[in-house]
Amino acid sequence: MKCRICESETSLLFQETVLNKYKVGYYECPTCDFVQTETPYWLDEAYSQAFTSTDTGTLQRSLILGKSTIALAFFAFDRHARFIDYAGGYGTLTRYMRDVGFDFYSTDLYATNFMARGFDAKPGRYELATAFECFEHFVYPGKELEKILDYSDSIFFTTQPRPKPAPAIKDWWYYAPHHGQHIALYRPKTLAFLGRQYGLNYYNLLNYHLLSKRKLSPFVFKFLVIAGRLGLSNVVSLFLKSRTLSDADLLKKHPSVPVHVS
């Protein structure tokens, strides 16, 4: 099987039962360290619901990752520009970021935007795209990256880096064969390789990643990610005007159509 990132020949790591019914092969690329499943024919079944019942951290994840996003968007990007949450789920992160004061919008093919209704992303350019916990769902990472790049040249995202050597299926929870949605697993080397294919710089801290055409100090990236989580986001919020009430007023005038605030 060819690697779906670099097209090198892969080798079989192991087989595992996915969705408690399908025997699936997992393959490793010796060139870019990418681990992929065989062609995932089970995805329609895996996505019968946008979120799996075992993903109990959806709300907490938006709040935690939002703190680092606040610091990064405020200090490393144009805080007054538009932002987009790609694969934004129910719109939780978008609503949180708008409540802080950022002009955020959400888009997702599989989930309905309940929490930030009226602020669905339209085609166009955005200062920064967030894409939290979705890269591991990509069948063809390059093609999906191109879709995000249609919105922004900078992508702040999370995915759990795969240990090396590749752990056995029972030793790493992130394989998650029970729900069948994690079909692409990366190491920093993999993501850097992917970024170079599109002329992007790569920055990393644990499960936080940034691909961007702009150059940023790796130290600054790491500092903002950590400092945001530790409380810098609370300080930043003092310098921004929340959109909570203004959004409500705007939606009273436009209750049924997506709204973009200039």
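All of these numbers come straight from a predicted model, not from anything done at the bench.

K.L.:
Got a minute to help me understand the pattern of salt bridges in this structure?
P.N.:
Between side chains of opposite charge, a pair can form as their charged atoms come close. Counted according to the given criterion, the structure contains 15 salt bridges. Between Lys 2 and Glu 9 there is a salt bridge; the shortest N-O distance is 3.2 Å. Lys 2 gets classed as partly exposed once you look at its relative accessible area, which sits at 48%. The salt bridge involving Lys 170 is made with Asp 171; its shortest N-O contact spans 3.3 Å. Here Lys 170 matches Asp 171 in class, with each residue exposed. A network of salt bridges, in which partner residues are shared, links Arg 95, Arg 98, Asp 99, Asp 103, Arg 243 and Asp 247.

K.L.:
What's the story with the sheet that holds strand S10 (residues 208-212) in this structure? I'm lost.
P.N.:
Across a sheet, paired strands are connected by hydrogen bonds in the backbone, their directions being either parallel or antiparallel. Here 6 strands make up an open sheet; going across it, the order is S5-S4-S6-S7-S10-S9 and the pairing mixed. Taken across any chain shown, the strands that pair with only one partner, and hence form the sheet edges, are strand S5 (103-107) and strand S9 (201-205). For this sheet the average axis-to-axis angle between neighbouring strands, irrespective of direction, equals 20°. As judged from the 4 bridges shared by strand S6 (residues 128-132) and strand S7 (residues 154-158), these two strands associate in the parallel manner. Bridge pairing links Phe 132 to Thr 158 in S7.

K.L.:
What should I look at first to understand helix H3 (residues 92-100) in this one?
P.N.:
For an α-helix, 3.6 residues make a turn, and residues three or four places apart therefore share a direction. Counting buried positions over the 9 residues of H3 gives 7, a clear majority of the element. Residues Thr 92, Leu 93, Thr 94, Arg 95, Met 97, Arg 98 and Val 100 constitute the buried set of H3. Positive phi appears at Gly 101, one or two residues downstream of H3, with a value of about 140°.

K.L.:
What is the right way to read helix H5 (residues 188-196) from this model?
P.N.:
Every buried residue of H5 is listed here: Thr 190, Leu 191, Ala 192, Leu 194 and Gly 195. Looking at the buried residues of H5, the elements they touch are helix H4 (141-149), S7, S9 and S10.

K.L.:
Would you explain the side chain of Ser 154 in this entry?
P.N.:
Counting through the fold element by element, Ser 154 comes out in strand S7. What Ser 154 contacts, discounting residues up to four positions off in sequence, is Phe 77, Glu 127, Leu 128, Ala 129, Leu 211, Ser 212 and Arg 214.

K.L.:
Mind showing me how you'd approach the pairing of S9 here?
P.N.:
Within a regular strand, side chains alternate between the sheet's two faces. Examined bridge by bridge, S9 and S10 share 5 bridges and lie antiparallel to one another. The partner of Leu 205 across the bridge, within S10, is Tyr 208.

K.L.:
In this structure, what is going on with the packing of aromatic side chains? I would like to understand it.
P.N.:
For any pair of aromatic rings, the description rests on two quantities: the centre-to-centre distance and the angle between the ring planes. Inspection of every chain in the model, using the stated rule, returns 26 aromatic pairs. Summarising the aromatic geometry, the rings of Phe 132 and Phe 156 are spaced 5.4 Å apart at their centres and angled 80° between planes, so their arrangement reads as edge-to-face. Separated by 24 residues along the polypeptide, Phe 132 in strand S6 and Phe 156 in strand S7 bring together distant segments of the chain. Taking the relative accessible area as the measure of exposure, Phe 132 reaches 11% and is therefore buried. Take Phe 156: its relative accessible area is 0%, and that puts it in the buried class. On the basis of an interplanar angle of 45° and a centroid distance of 5.0 Å, the ring pair of Phe 135 and Phe 138 is categorised as tilted. Side by side, Phe 135 and Phe 138 carry an identical accessibility label, which is buried. Positioned above the aromatic ring of Phe 74 is the side chain of Arg 79, whose terminal nitrogen or guanidinium carbon lies 3.8 Å from the ring centre. Directly above the ring of Tyr 126 sits Arg 82, whose terminal nitrogen or CZ lies 4.4 Å from the centroid.

Cut-offs and rules
- Residues numbered from 1 in each chain as written.
- Predicted model: local features only at pLDDT ≥ 70, side-chain atom pairs only at ≥ 80, totals over all residues.
- Heavy atoms only, no water.
- Salt bridge = Lys/Arg side-chain N within 4 Å of Asp/Glu carboxyl O.
- Buried < 20%, exposed > 50% of the residue type's maximum accessible area, 1.4 Å probe, protein only.
- Pairing = 2+ DSSP bridges.
- Helix = DSSP H or I, 4+ residues; strand = E, 2+ residues; numbered from the N terminus.
- Axes fitted to C-alpha atoms, helices over the stretch in contact; angles between N-to-C directions.
- Contact = heavy atoms within 4.5 Å.
- Phe/Tyr/Trp six-rings, centres within 6.5 Å; stacked < 30°, edge-to-face > 60°.
- Lys NZ or Arg CZ within 6 Å of the ring centre and 35° of its normal.

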